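Understanding the architecture of this molecule
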Amino acid sequence: MEHAQEEEVGLEQSQMYCVQRPIYNQELLQGQLHRRQRTRQPLGQRIAHSCRCTSKKAKSHLYSFLPILKWLPHYPVRRYLFGDIISGISTGVMQLPQGLAYALLAAVPPVFGLYSSFYPVFLYTFFGTSKHISIGTFAVVSMMVGSVAVREVPDEMISPDSNTTNTTDILEFYSARDAKRVQVAVALAFLSGLIQLCLGFLRFGFLAIYLTEPLVRGFTTAAAVHVFTSQLKYLLGIKTNRYSGPLSVVYSMVAVFSNITTTNIATMIVGLTCIVLLLIGKEINFRFQKKLPVPIPMEIIVVIIGTGVSAGMHLHESYKVDVVGNIPQGLRAPAVPDIGLIPSIFVDAVAIAIVGFSMAVSMAKIFALKHGYTIDGNQELIALGICNSVGSFFQSIAITCSMSRSLVQESTGGKTQIAGTLSAVMVLLVIVAIGYLFEPLPQTVLAAIVMVNLKGMFKQFADVMHFWRTSKIELAIWVAAFVASLLLGLDYGLLSAVTFAMITVIYRTQRPKYRILGQIPNTDIYCDVEEYEEVKEYPGIKIFQANTSLYFANSESYARALIKKTGVDPAALLKARKKAQKRHAKEIKAANEQRKKAVLKLTNDVEAGVKHEIASDDLPVNGKFADSSVHDMSPEEHEHFVEPKSDIHSLILDFTPVNFVDSVGAKALKSIIKEHNKVDIYVCIAGCSGPVMNELTRLNFFDKSVTRELLFHSVHDAVLACQMKDGSAAQAGSDL
């Protein structure tokens with residue numbers, strides 16, 4: 001075995017390739033290549049072609065808009081139906097308690113959570129492309145909806161007389177407040193759905209890429225803290241106002257702890273008991289997930305037990321435990337959302353639309369990759385937009401994909417969107433037939449369900465150590481998203497986090513890695529000379545590389561780094577040369593002055609009758625020896641012995657990592673080439689891609705002094721060309 005491995009290693013090491021070809025610069029290479037002839041159609045023809053409708057194109061668009069037409073006719077009943085039924089029942093059992101619980105987060109009565117668990121889920125079956133995600137209420141989006149509803153309809157806006165003790169007046173107050181908040185939540189769902197629809201039709205599905213994983217995880221972790229603090233008052237039975245906006249977490253915590261003495265002991269006991277039962281159930285499901293045919297539906301079990309205990313012990317009447325209350329039977333008639341609220345909630349709707357889409361498409365991509373199918377991001381936007389906008393006419397709040405329910409739907413054997421439809425049917429049965437049975441359900445049970453479902457999000461605090469080890473910039477994005485969303489609120493926090501993520505991109509382009517490359521001996525491979533001992537530089541040649549594009553934000557830093565890494569400052573060399581030339585001119589001038597004085601003295605002595613020999617003996621005394629040497633020095637000798645000169649004769653700029661160059665970058669590049677040429681350093685560019693070369697052409701980069709002959713196909717081509725150029729220059733100098 002070891003012998004076979006040694007032979008394999010030896011074979012890999014002995015594999016070689018040998019290529020013999022000319023040294024290619026772009027001028028020579030383009031001369032040997034022939035471009036394909038492309039005829040561009042006139043704009044009118046292109047518009048007419050795109051607007052032309054054929055049966056094939058119409059069928060394609062219809063299948064794209066209604067994916068159910070593509071997969072339902074080919075649905076394998078025997079293979080898929082049983083798994084979809086089991087998955088639908090399991091997901092529906094989770095959908096019911098989570099719909100009730102997340103309605104509290106959205107600051108609306110629990111029945112509206114049930115509506116949101118039916119209409120959007122049913123609609124997604126027709127328009128969605130993911131086979132495994134569970135659409136419906138979700139903690140983060142519900143929390144964002146609740147923040148807007150409380151901001152627009154605070155408790156102080158509709159308040160009963162402070163001296164009243166009439167139960168009817170108090171109930172009317174809560175009813176009026178909830179009705180106003182439902183209007184806000186429904187209008188928010190309608191507007192966010194319209195935004196998603198517009199983005200989908202305009203093919204803006206790529207927007208999700210701007211919500212990077214560190215940003216989303218930091219944002220959802222902060223949202224988990226918001227959700228947790230908002231549920232404390234329900235868990236403890238404390239009567240406090242609900243806060244929204246900046247520092248709402250701080251205000252909520254202060255309100256809870258300042259009223260901690262009014263805790264309802266019965267409410268707290270019921271809530272803590274439910275938390276313990278739910279945690280035990282989740283742990284059992286996790287430890288025995290391979291042995292259990294379906295997960296234990298602990299949430300619905302807790303709801304049933306809590307409802308039974310509350311009804312049997314009369315917790316609301318005897319112990320003042322807050323319960324869900326009235327759950328009207330049947331579906332409501334459709335109604336048009338309040339359009340007048342749109343100006344005040346537009347920014348929030350944009351944030352909810354983007355967050356909801358990013359959550360759904362990220363989970364959809366995970367399942368699509370796992371099960372080997374593709375999803376369409378733009379169609380997912382359209383599907384979510386239809387679910388939100390159409391659902392809002394039936395009093396549904398904003399929805400997205402739920403992580404926990406999606407995992408259950410996939411793990412219990414769900415194969416298609418039929419599983420989601422069956423879960424929606426289960427919720428419908430509760431709304432139509434047995435919803436009234438859950439009226440005695442304590443609100444603290446729903447708070448316990450919400451808090452336990454945050455366990456996965458709180459585990460994301462471990463991301464801090466992970467990103468600390470892998471990427472400090474991604475850690476900064478995570479921390480910025482978390483802190484901004486925690487302190488400023490989820491809407492402004494998301495905007496701040498996206499802005500910060502964009503700034504990090506600019507920072508990375510402004511602070512790239514600059515390297516000097518050298519050759520691995522006897523190869524055409526070039527690596528960082530500071531990283532590897534075997535890498536050697538060619539005498540007189542510097543190869544400079546920056547792993548970024550060249551544009552207005554980093555052109556100056558590129559030029560500074562080039563000077564620092566190569567050790568050649570053309571401006572300083574030119575300045576030193578000018579000083580040397582001035583000094584040389586002064587020496588010549590001084591020598592001429594001395595010569596004039598000597599001639600003048602000779603003339604005076606002759607007139608005085610002194611012999612010519614005496615005058616000639618006096619000339620060396622006047623310094624003619626030193627000055628005549630300066631005067632007799634040739635320009636070539638002066639340049640070699642007097643003027644400062646660099647040891648580098650060639651500079652190669654490796655453009656392999658460069659993706660684009662703008663006008664500022666092109667001017668900086670041309671300036672670098674011309675300044676180095678002034679100090680007799682030949683500059684060339686290697687590895688310039690076709691799109692970058694086209695950009696340089698459009699920017700009028702090439703002229704008589706900067707030609708395409710300076711661009712080489714590879715670094716090795718440029719190195720060989722520089723060596724030949726230096727060799728020819730040296731040969732010409734020796735011939736002279």
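Everything in this summary refers to the structure shown in the same document. (Residues numbered from 1 in each chain as written. Predicted model: local features only at pLDDT ≥ 70, side-chain atom pairs only at ≥ 80, totals over all residues. Heavy atoms only, no water.)

**With respect to the pairing of strand β3 (residues 514-519)**
Extensive coverage of β3 is indicated by the burial of 5 of its 6 residues. Relative to strand β5 (residues 541-546), β3 is paired through 4 bridges, and the arrangement is antiparallel. Note on β5: the bridge partner recorded for leucine 517 is isoleucine 543. Pairing of β3 with strand β4 (residues 526-528) involves 3 bridges; the strand directions are antiparallel. For glycine 518, the partnering residue across the bridge sits in β4 and is cysteine 527. Where β3 folds back onto β4 in an antiparallel hairpin, the turn is made up of 6 residues, including asparagine 522, whose phi is positive at roughly 65 degrees. (Buried < 20%, exposed > 50% of the residue type's maximum accessible area, 1.4 Å probe, protein only. Helix = DSSP H or I, 4+ residues; strand = E, 2+ residues; numbered from the N terminus. Pairing = 2+ DSSP bridges.)

**Here we look at empty space enclosed by the protein**
Applying the stated rule across the entire model yields 6 cavities of 30 Å³ or more. There is about 140 Å³ of room inside the largest cavity. Of all the elements in the fold, those that place two or more residues in the lining of the largest cavity are α11 (213-236) and α12 (248-258). Volume-wise, the second largest cavity comes out at about 70 Å³. The set of elements that each furnish at least two residues to the lining of the second largest cavity consists of α8 (119-127), β1 (134-136) and α19 (418-434). Of the residues assigned to the lining of the second largest cavity, the class counts are 4 nonpolar, 8 polar and 1 charged. (1 Å grid on protein atoms, 1.4 Å probe; cavity = no way out; pocket = protein on both sides within 12 Å on 5 of 7 lines; lining within 4 Å. Points joined across faces, edges and corners; volume = space filled by probe spheres on them. Nonpolar A, V, L, I, M, F, W, Y, C, P; charged D, E, K, R; others polar.)

**Re the state of the cysteines**
For the coordinates displayed, the defined rule picks out 0 disulfides. With no disulfide of its own, cysteine 684 lies 3.9 Å from the sulfur of cysteine 722, the closest cysteine sulfur. (Disulfide = S-S within 2.5 Å.)

**Here we look at the packing of α8 against helix α17 (residues 377-392)**
Contact geometry for α8 and α17: axes closest at 9 Å, N-to-C directions at 145 degrees. At the point where α8 passes α17, the crossing takes the right-handed sense. Of the residues in α17, those touching α8 at Pro120, Leu123, Tyr124 and Phe127 are Gln379, Glu380, Ala383, Ile386, Cys387, Val390 and Gly391. Of the residues belonging to the contact of α8 with α17, the class tally is 8 nonpolar, 2 polar and 1 charged. (Axes fitted to C-alpha atoms, helices over the stretch in contact; angles between N-to-C directions. Left-handed = near helix turned anticlockwise from the far one by under 90°. Contact = heavy atoms within 4.5 Å.)

**A word on the nonpolar core**
Judged by nonpolar contacts, the single largest core of 119 residues is most densely connected at Val108, Ile133, Val140, Met144, Val145, Leu215 and Leu446. Per element, the largest residue contribution to this core is 14 residues, and it comes from helix α16 (residues 342-371). Each residue touching methionine 144, except ones within four places of it in the same chain, is listed here: Phe219, Ala351, Ile352, Val355 and Leu490. Formed by 48 residues, the second largest nonpolar core is a distinct cluster that contains Ile673, Ala686, Leu711 and Ala718. (Core = buried A, V, L, I, M, F, W, Y, C linked by side-chain atoms within 4.5 Å.)

**Here's the deal with the pattern of salt bridges**
Scanning the model with the defined rule gives 13 salt bridges in all. For lysine 542, the salt bridge goes to glutamate 537, with nearest N and O atoms at 3.2 Å. Judged by relative accessible area, which is 18%, lysine 542 ranks as buried. Judged by relative accessible area, which is 36%, glutamate 537 ranks as partly exposed. Its salt-bridge partner being arginine 560, residue glutamate 556 comes within 3.9 Å of it at the nearest N-O pair. Here the residue glutamate 556 and the residue arginine 560 both occupy positions in helix α25 (residues 555-566), the gap between them amounting to 4 residues, near one helical turn. (Salt bridge = Lys/Arg side-chain N within 4 Å of Asp/Glu carboxyl O.)

**Some details on the sheet that holds strand β8 (residues 711-712)**
The strands that make up a sheet pair up through hydrogen bonds in the backbone, lying either parallel or antiparallel. Pairing is mixed in the open sheet, where 6 strands are placed in the order β4-β3-β5-β6-β7-β8. At either margin of the open sheet sits one strand with a lone partner, and together these are β4 and β8. The sheet contact formed by strand β7 (residues 682-686) and β8 spans 2 bridges and is parallel. Opposite alanine 686, over in β8, you have phenylalanine 712 as the bridge partner. Contacts from helix α30 (residues 663-678) reach β6 (650-654) and β7, with the element oriented near 145 degrees to β7.

**Notes on the packing of helix α6 (residues 77-105) against helix α14 (residues 298-313)**
Viewed as axis vectors pointing N to C, α6 and α14 meet at an angle of 55 degrees, and their least axial separation amounts to 8 Å. Classified by the interaxial angle, the pair formed by α6 and α14 is oblique. Between α6 and α14 lies a crossing of left-handed hand. Residues Val93, Met94, Leu96, Pro97 and Gln98 of α6 pack against Glu299, Ile300 and Val303 of α14. For the contact of α6 with α14, a count of residues per class yields 6 nonpolar, 1 polar and 1 charged. (Parallel < 35°, antiparallel > 145°, perpendicular 65-115°, else oblique.)

**Observations regarding a nonpolar patch on the surface**
A cluster of nonpolar side chains, namely Tyr243, Leu247, Val250, Tyr251, Val254, Val479, Val483, Leu487, Leu488, Tyr492 and Leu495, defines an oily patch on the protein surface of about 930 Å² accessible area. Per-element accounting of the nonpolar patch gives the leading share, 4 residues, to helix α23 (residues 472-488). Taking the relative accessible area as the measure of exposure, leucine 488 reaches 35% and is therefore partly exposed. (Patch = residues over 30% accessible without salt bridge, like charges linked within 9 Å, V, L, I, M, F, W, Y side chains within 5 Å. Areas by Shrake-Rupley, 256 points an atom, 1.4 Å probe, with all protein chains shown as cover.)

**Digging into the environment of leucine 96**
Secondary-structure assignment places leucine 96 in helix α6. Since its relative accessible area comes to 7%, leucine 96 is described here as buried. Apart from residues lying up to four places away in sequence, leucine 96 is in contact with Leu114, Ile300, Val430 and Phe438.

**Re the packing of aromatic side chains**
On inspection of all chains with the given rule, the structure shows 21 aromatic pairs. Ring geometry for tyrosine 243 and tyrosine 251: centres 5.9 Å apart, planes at 50 degrees, overall tilted. Residue tyrosine 243 is classed as partly exposed on the basis of its relative accessible area, which comes to 31%. Note on tyrosine 551 and phenylalanine 660: the rings are 5.5 Å apart at their centroids and 50 degrees apart in plane angle, and the pair reads as tilted. Separated by 109 residues along the polypeptide, tyrosine 551 in the loop between β5 and α25 and phenylalanine 660 in the loop between β6 and α30 bring together distant segments of the chain. Under the relative-accessibility criterion, tyrosine 551 is labelled buried at 10%. The class for phenylalanine 660 is partly exposed, based on a relative accessible area of 35%. What links up through ring pairs into an aromatic cluster is the set Phe118, Tyr119, Phe122, Phe126 and Phe394. Lying over the aromatic face of tryptophan 468, lysine 472 brings its terminal NZ or CZ to 4.7 Å of the ring centre. (Phe/Tyr/Trp six-rings, centres within 6.5 Å; stacked < 30°, edge-to-face > 60°. Lys NZ or Arg CZ within 6 Å of the ring centre and 35° of its normal.)

**Observations regarding a positive patch on the surface**
On the surface, Lys575, Lys578, Lys579, Lys582, Lys586, Lys674 and Lys678 cluster together into a positively charged patch. The set of elements that each furnish at least two residues to the positive patch consists of α26 (570-607) and α30. By residue number, the principal contributor to the positive patch is α26, which donates 5 residues. By the element assignment, lysine 586 lies in helix α26. Classification of lysine 586 by relative accessible area gives exposed; the value is 63%. (Lys, Arg positive; Asp, Glu negative; His and termini not counted. Charge placed at Lys NZ, Arg CZ, Asp CG, Glu CD.)

**A word on the layout of surface pockets**
Sizing a probe to match a water molecule and rolling it over the atoms shows the empty space that remains. A volume near 1,700 Å³ is recorded for the largest pocket. What lines the largest pocket is a set of 47 residues, and nearest its centre among them are Tyr174, Ser175, Arg177, Asp178 and Gln443. If you list the elements that add at least two residues to the lining of the largest pocket, you get α7 (111-116), α10 (167-201), α11 and α20 (443-453). The element contributing the most residues to the lining of the largest pocket is α10, with 13 residues. Lys282, Phe286, Ser404, Leu407 and Val408 are the residues nearest the centre of the second largest pocket, which is lined by 39 residues in total. Those elements that place two or more of their residues in the lining of the second largest pocket are α6, α13 (265-287), α14, α18 (403-411), α20 and α21 (455-458). When grouped by side-chain class, the residues that make up the lining of the second largest pocket number 21 nonpolar, 11 polar and 7 charged.

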